[in-house]
Amino acid sequence: FVDLPAKEYLKMGIKPKFIGLPTPNRVYSFNYTNVFEELYEITNSQLPAKEIMLSAAVKFHTIIQILYRHQQAARFDNKVNAIKKMLDSHIYERDISLKNIADNLCMSQAQIISIFKKTFNMTPYQYFSNKRAEIAASLLLNSNMQIKEIAELLNYADQPYFSNAFKKIMGVSP
């Protein structure tokens, strides 16, 4: 079985079986066995050879499209997870930049922003800023660290910059 958004199957002229609860991005499941059985039936039918070849070619093309789209979706997920992992693993470091991530993943900065935003509804910078603010909030609540120490730990330029960034994201001053 392959799970793809319904619109992908409909583009290919396939009516897949609905699985799960209705959502805006409904995921449908496609059973390869049915397509291969249809291809087998076409090739063993009593139709004229020209019609068999045309029908089989169309069915085969459909199979290739499904496999390609599934592979692209998996590749997309892997890239998004790699971006998030890089952001998370560099949360305490100064040297993280969009350019570093793009170079590391052999992607353009625009691609990084685009696929990250499609998945998380925010840019990598917004995600990184929110994550740092969440860590800062946790440290403020659960440690004896001073605001200046937290700002230094999270590599903010200085305490006032940290305080402004924190207030902008969390809605309250540290």
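In this text the structure is predicted, and so the values were computed from the model without any measurement.

Undergrad: Kindly report on the nonpolar core, identifying the contributing residues and their values.
TA: Membership of the largest hydrophobic core comes to 26 residues, with the highest contact counts inside it found for I83, L87, I101 and F162. If you list the elements that add at least two residues to this core, you get α3 (49-89), α4 (98-105), α5 (109-120), α6 (124-142), α7 (147-153) and α8 (159-170). No other element matches α6, which puts 7 residues into this core. With near-sequence residues (within four places) excluded, I83 lies in contact with I101, L105, I112, I115 and F116. By size, the runner-up hydrophobic cluster in this structure holds 6 residues, among which are I42, I52, A56 and I63.

Undergrad: So, the pattern of salt bridges: which residues are in play, and what are the values?
TA: Taken as a whole and judged by the stated rule, the model has 3 salt bridges. Residue E38 pairs with K59 through a salt bridge whose shortest N-O separation is 2.5 Å. You can see E38 sitting in helix α2 (residues 32-43) and its partner K59 sitting in helix α3, a full 21 residues away along the chain. A salt bridge links D88 to K84; the nearest nitrogen and oxygen atoms lie 3.0 Å apart. One end of the pair is D88 and the other is K84, both in helix α3 and 4 residues apart, which spans about a single turn.

Undergrad: I'd love a proper account of a nonpolar patch on the surface, names of residues and values included.
TA: Together, F60, I64 and L67 line one region of the surface with nonpolar side chains, adding up to about 270 Å² of accessible area. A residue is classified by how much of its surface remains accessible, and I64, at 40% relative accessible area, is partly exposed.

Undergrad: Could you give an account of the packing of α4 against α5, with specific residues and numbers?
TA: It is the contact of α4 with α5, at a shortest axis distance of 8 Å, that shows an interaxial angle of 95 degrees. In terms of axis orientation, α4 runs roughly perpendicular to α5. Touching L98, K99, I101, A102 and L105 of α4 are Q109, I112 and I113, all from α5.

Undergrad: Before we move on, can you summarise the layout of surface pockets with the specific residues and values?
TA: Its boundaries defined by the atoms lining it, the second largest pocket holds a volume of some 320 Å³. At the level of secondary structure, the elements contributing two or more residues to the lining of the second largest pocket comprise α4 and α6. A per-element tally of the lining of the second largest pocket places α6 first, with 5 residues. Residues of the lining of the second largest pocket, tallied by class, amount to 11 nonpolar, 4 polar and 3 charged.

Undergrad: Describe the side chain of N155, listing the residues and the values that go with them.
TA: Within the element layout of this structure, N155 appears in the loop between α7 and α8. Looking at N155, the relative accessible area reads 17%, which means it is buried.

Cut-off values and rules
Throughout this description, residue numbers start from 1 for each chain and increase along the sequence as written. Totals for whole chains, interfaces and linings use every residue, but because this is a predicted model, local features are given only for residues with pLDDT of at least 70 and side-chain atom pairs only at 80 or more, for both listing and counting. Neither water nor hydrogens contribute to the side-chain values; these are computed over all heavy atoms in the structure. Working definition of a nonpolar core: buried Ala, Val, Leu, Ile, Met, Phe, Trp, Tyr and Cys residues. They are joined through side-chain atoms within 4.5 Å. Note on exposure labels: buried denotes an accessible area under 20% of the residue type's maximum, exposed denotes more than 50%, and partly exposed covers the range between, all computed with a 1.4 Å probe on protein chains only. Numbering goes from the N terminus for both helices and strands, where a helix is a DSSP run of H or I of at least four residues and a strand is a run of E of at least two. Note on definitions: a residue-residue contact is assigned when non-hydrogen atoms from the two residues lie within 4.5 Å. Here a salt bridge means any side-chain nitrogen of Lys or Arg lying within 4 Å of a carboxyl oxygen belonging to Asp or Glu. Grouping into patches uses exposed residues only, defined as over 30% relative accessible area, and leaves out salt-bridged ones; the cut-off is 9 Å for like charges and 5 Å for nonpolar side chains (Val, Leu, Ile, Met, Phe, Trp, Tyr). Per-residue and other accessible areas follow the Shrake-Rupley method at a 1.4 Å probe size, with only the shown protein chains counted as cover for residues. Note on definitions: angles span 0 to 180 degrees between N-to-C directions of axes, and those axes are lines fitted to C-alpha atoms, for helices only across the stretch in contact. An angle counts as roughly parallel when it lies under 35 degrees, as roughly antiparallel when it exceeds 145, as roughly perpendicular when it falls between 65 and 115, and as oblique in every other case. A cavity, in this analysis, means grid points on a 1 Å lattice covering only the protein atoms where a 1.4 Å probe fits yet has no way out; a pocket is instead an open set bounded by protein on both sides within 12 Å along at least five of seven lines, and a residue lines either one if it has an atom within 4 Å of a point. Grid points are joined across faces, edges and corners, and a volume is the space filled by probe spheres set on the points. Classification convention: Asp, Glu, Lys, Arg as charged; Ala, Val, Leu, Ile, Met, Phe, Trp, Tyr, Cys, Pro as nonpolar; all other residues, Gly among them, as polar.

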